[in-house]
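Next come the chains, spelled out residue by residue.
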Amino acid sequence: GAGVSQTPSNKVTEKGKYVELRCDPISGHTALYWYRQSLGQGPEFLIYFQGTGAADDSGLPNDRFFAVRPEGSVSTLKIQRTERGDSAVYLCASARGTSGTDTQYFGPGTRLTVL
Amino acid sequence: GQSLEQPSEVTAVEGAIVQINCTYQTSGFYGLSWYQQHDGGAPTFLSYNGLDGLEETGRFSSFLSRSDSYGYLLLQELQMKDSASYFCAVPGMIYNQGGKLIFGQGTELSVKP
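Residues numbered from 1 in each chain as written. Chains lettered and ligands numbered in written order. Predicted model: local features only at pLDDT ≥ 70, side-chain atom pairs only at ≥ 80, totals over all residues. Heavy atoms only, no water.

## Overview of the interface of chain A and chain B
For step 1, the next point in the chain: Taken together, the contact pairs 21 residues of chain A with 19 residues of chain B.
For step 2, the next point in the chain: For the pair chain A and chain B, the two sides together bury roughly 1,500 Å², of which 55% comes from carbon and sulfur.
For step 3, the next point in the chain: In this assembly, chain A and chain B are joined by one salt bridge.
For step 4, the next point in the chain: Of the charged contacts in the structure, one is a salt bridge between Asp56(A) and Lys100(B), with a shortest N-O distance of 3.9 Å.
For step 5, the next point in the chain: Our count for the contact surface shared by chain A and chain B stands at four residue pairs in polar contact (both at pLDDT 80 or more).
For step 6, the next point in the chain: For the side of chain A that touches chain B, the secondary structure elements donating two or more residues are β4 (31-37), β5 (44-50) and β6 (53-56) of chain A.
For step 7, the next point in the chain: Considering each element in turn, the side of chain A that touches chain B owes the most residues, three residues, to β4(A).
For step 8, the next point in the chain: Residue composition of the side of chain A that touches chain B, grouped by class: nine nonpolar, eleven polar and one charged. (Contact = heavy atoms within 4.5 Å. Buried area = accessible area lost by both parts, 1.4 Å probe. Salt bridge = Lys/Arg side-chain N within 4 Å of Asp/Glu carboxyl O. Polar contact = N/O pair within 3.5 Å; in protein donor to acceptor, adjacent residues only side chain to side chain. Helix = DSSP H or I, 4+ residues; strand = E, 2+ residues; numbered from the N terminus. Nonpolar A, V, L, I, M, F, W, Y, C, P; charged D, E, K, R; others polar.)

## Some details on the state of the cysteines
For step 1, the next point in the chain: One pass over the structure, following the stated rule, counts two disulfides over all chains.
For step 2, the next point in the chain: What pairs with Cys23(A) in a disulfide is Cys92(A), and their sulfur atoms sit 1.8 Å apart. Looking down the S-S bond of the Cys23(A) and Cys92(A) bridge, the torsion is -65 degrees, so its handedness is left-handed. You can see Cys23(A) sitting in strand β3 (residues 19-24) and its partner Cys92(A) sitting in strand β9 (residues 88-95), a full 69 residues away along the chain. Across the pair, Cys92(A) and Cys23(A) agree in class, each one buried.
For step 3, the next point in the chain: Put simply, Cys22(B) and Cys88(B) are joined by a disulfide, and their sulfur atoms are 2.1 Å apart. (Disulfide = S-S within 2.5 Å. Buried < 20%, exposed > 50% of the residue type's maximum accessible area, 1.4 Å probe, protein only.)

Function cannot be read off these values alone, since they describe shape.
Given below as structure tokens:
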């Protein structure tokens, strides 16, 4: 079956612009996670959804970052007034549930470059 | 808080065995996972240890000792395609933090011919 997909695969933008990153999780997975990965580092948690609601957004760095999942499937991560420090790979993962034993399946990521 | 430590890089030759260690400090503990990530690719789940002991999946095995806050990933019969970054991770299951994963910084494995 299809895995987690993310679009676009690459996004280059200018400082101050607004960007949207999309994640299509595995069908039927209720849990959806966003992570951010800088070069040479492990993924860092941003936010997770259980169904349509954001159950934990404690990893969002500031109020320029926002994410939605209106129908409990596709999610969009939105970044306003982008800064050069936002440049990273943004990863999405989905899982059947939110137990520590539920395997998270990752998408290939969106590489965001802010010039 | 939670933190994980693993070596930044390991080099081994094809056909050999390599062990990648991970030590963790957590306020609670709900198991240790391992992920593999090739350059430019998605992290891929390898194994999970919820209890002490060894879990074996083909050429890969993972070990956990909760009393020592320590685990390792063992890769046998190394192949060139095993060259990748390997991450240990723990679930951030504190209060209502759900199943988010806290990752180590990763170990870059280079397999030489």
